[in-house]
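# Structure at a glance
So you can see what is in the structure, the chains are spelled out below.
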Amino acid sequence: GAGVSQSPRYKVAKRGQDVALRCDPISGHVSLFWYQQALGQGPEFLTYFQNEAQLDKSGLPSDRFFAERPEGSVSTLKIQRTQQEDSAVYLCASSLPTGVGNTIYFGEGSWLTVV
Amino acid sequence: EDQVTQSPEALRLQEGESSSLNCSYTVSGLRGLFWYRQDPGKGPEFLFTLYSAGEEKEKERLKATLTKKESFLHITAPKPEDSATYLCAVQEGGFKTIFGAGTRLFVKA
């Protein structure tokens, strides 16, 4: 597609509910990133994929967070047993193979509110 | 620890009043410095990439410059539609891109 596509755009979850957020990267982009953005803050790195391989998940805040990209294209970020502190915007981004300063392009984000 | 600090946190300008936003960084090996614009409810929109000290890039009323320790985003004669949050980010030796907290710019007509 022309840009990074994320769904759903908005999600309200009850505390304890599981959620799944989807990301469809720019066609041909092998690198895919998930970021979390709290209100008034910059995006914080969660995890990184190169094709289907998850090369870094050091930013995932707890073992309730899980990301996958089984075929090297679409990715899903899953949050189990959601807590109020999980409320944030989850941004997906993609880029050409990571090299010298390759630009990452963001989607519009999935806004998660846990009530 | 790699860090990106942006200042000021918020900036209020009158239309036509030029100013600059600052991004200071400490990374072990800079691969690229990026500027993004973010409107409320939207994802960050790419503006510029700078790779080495001394480099400059321009786009309409915006000009980005880079030194070894900081970058500036200069806004010349801003208009109300330039109101947004401007994010600075650095990519270090690996693949991680680290973001600052952003500067919220308000331009009043």
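These lines cover the structure that appears in this document, whether it is placed above or below.

Basis of the calculations
- Residues numbered from 1 in each chain as written.
- Chains lettered and ligands numbered in written order.
- Predicted model: local features only at pLDDT ≥ 70, side-chain atom pairs only at ≥ 80, totals over all residues.
- Heavy atoms only, no water.
- Helix = DSSP H or I, 4+ residues; strand = E, 2+ residues; numbered from the N terminus.
- Rg over C-alpha atoms; globule rule 2.2 N^0.38 Å.
- Phe/Tyr/Trp six-rings, centres within 6.5 Å; stacked < 30°, edge-to-face > 60°.
- Buried < 20%, exposed > 50% of the residue type's maximum accessible area, 1.4 Å probe, protein only.

## Regarding the overall build of chain A
Summing up its helical and strand segments, chain A has zero helices and eleven strands in all. The secondary structure elements of chain A, listed N-terminal to C-terminal, are β-β-β-β-β-β-β-β-β-β-β. By the compact-globule yardstick of 13 Å for 115 residues, chain A fits well, its C-alpha radius of gyration being 13 Å. Each of the three principal axes of chain A carries a C-alpha extent, and together these read 40 × 25 × 25 Å.

## What about the packing of aromatic side chains?
Using the criterion set out here, one finds 13 aromatic pairs over all chains in the structure. Pairing Phe65(A) with Tyr90(A) gives two aromatic rings, centres 6.4 Å apart and planes at 40°, and the pair type is tilted. Placement of the pair is Phe65(A) in strand E7 (residues 65-68) and Tyr90(A) in strand E9 (residues 88-95), with a sequence separation of 25 residues. For Phe65(A), a relative accessible area of 5% translates into the label buried. We classify Tyr90(A) as buried; its relative accessible area is 0%. Ring geometry for Tyr105(A) and Phe46(B): centres 5.9 Å apart, planes at 65°, overall edge-to-face. Placement of the pair is Tyr105(A) in strand E10 (residues 105-106) and Phe46(B) in strand E5 (residues 45-50), with the two residues belonging to separate chains.

## Considerations on unusual backbone geometry
Omega for the peptide link from Ser7(A) to Pro8(A) comes to -10°, which places this bond in the cis form. Secondary-structure assignment places Pro8(A) in the loop between strand E1 (5-7) and strand E2 (10-13). In this model, Ser7(B) is joined to Pro8(B) through a cis peptide bond whose omega is -10°. With a phi angle near 55°, Glu60(B) is a residue other than glycine that sits in the positive phi range. Within the secondary structure layout, Glu60(B) lies in the loop between strand E6 (56-59) and strand E7 (62-66). Glu60(B) sits in the exposed class, given a relative accessible area of 71%. At Ala77(B), a position not held by glycine, the phi torsion is positive, near 45°.

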